[in-house]
Amino acid sequence: MGEAFRFEPQGPVGAYQTFSVRSRPDRAIKTVCERANCWAWRHGWESSFDESTDLGKAQAQYVRTQSGRTFREMRTAEGLTVFRFEPGQRCFAEHKTIPELYLVRDGDHRGNPTGQRRVHTRPADWVEHMQEEFGRFNEDRRRG
């Protein structure tokens, strides 16, 4: 991959701020279904158990008494127990995601003269910060 195209900056390096989103590919963390864009969370799902086996009995009992999820229970002609779970609730999978870092630092590609760096904990805060800075920039530009 080649070097990024950049216009030559018109002002000193200290007149700029850099907003970036980064992630560490070596650090996955647990996340909830909604953030993982989980299909089961969006559409609901079914789980079937054969209660003629010890494992099937234990799994069905867990769903009924300990899972904490909302479901409808049915039986198939083959004797399986089917639990139909509605959308919008946590599935049984463990999801992982690579967290993103929402960064703001002074300077541009030439460096960070002040050493100032801020990591936002929420994407919405990072976006709001960027909008405020763009608003200041546009106001300064309008004034001349």
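Located above this text is the structure these notes cover.
Predicted model, so just to flag it, every value in this text is computed and none were measured.

Trainee: Whenever I open this one, the packing of aromatic side chains confuses me. Can you help?
Mentor: Two numbers describe a pair of aromatic rings. These are the distance of the centres and the angle of the planes. Under the criterion given, the structure shown has 10 aromatic pairs. Aromatic pair Phe85 and Phe92: ring centres 5.5 Å apart, planes at 85 degrees, arrangement edge-to-face. The class of Phe85 is buried, set by a relative accessible area of 2%. Following the ring pairs from residue to residue traces out a cluster consisting of Trp45, Phe49, Tyr62, Phe71, Phe83, Phe85 and Phe92.

Trainee: Help me out: how do you make sense of the pattern of salt bridges in this one?
Mentor: Between side chains of opposite charge, pairing is possible as soon as their charged atoms come close. Summed over all chains, the structure comprises 11 salt bridges. One salt bridge in this structure joins Glu94 and Lys96, with 3.9 Å as the shortest N-O distance. As far as burial versus exposure is concerned, Glu94 and Lys96 are alike and both exposed. Here Asp108 ties to Arg110 by a salt bridge, and the two come within 2.8 Å at their closest N and O atoms. Under the relative-accessibility criterion, Asp108 is labelled buried at 8%. When salt bridges that share partners are traced, they join Glu51, Arg64, Glu73 and Arg75 into one network.

Trainee: Mind showing me how you'd approach the sheet that holds strand β1 (residues 17-23) here?
Mentor: Consider a sheet: its strands pair through backbone hydrogen bonds, and that pairing is either parallel or antiparallel. Spatially, the 3 strands line up as an open sheet ordered β1-β7-β8, and their pairing is antiparallel. Both outer strands of the open sheet, β1 and β8 (117-120), are each paired with one neighbouring strand and no more. When the angles between neighbouring strand axes are averaged without regard to direction, this sheet yields 25 degrees. In the sheet, strand β7 (residues 100-106) pairs with β8 via 4 bridges, with the strands oriented antiparallel. In the sheet register, Leu103 faces β8, and the bridge partner there is Val119. Lying over the sheet, helix α3 (residues 123-143) contacts β1, β7 and β8, oriented at roughly 160 degrees with respect to β1.

What counts and what doesn't
Residues numbered from 1 in each chain as written. Predicted model: local features only at pLDDT ≥ 70, side-chain atom pairs only at ≥ 80, totals over all residues. Heavy atoms only, no water. Phe/Tyr/Trp six-rings, centres within 6.5 Å; stacked < 30°, edge-to-face > 60°. Buried < 20%, exposed > 50% of the residue type's maximum accessible area, 1.4 Å probe, protein only. Salt bridge = Lys/Arg side-chain N within 4 Å of Asp/Glu carboxyl O. Pairing = 2+ DSSP bridges. Helix = DSSP H or I, 4+ residues; strand = E, 2+ residues; numbered from the N terminus. Axes fitted to C-alpha atoms, helices over the stretch in contact; angles between N-to-C directions. Contact = heavy atoms within 4.5 Å.

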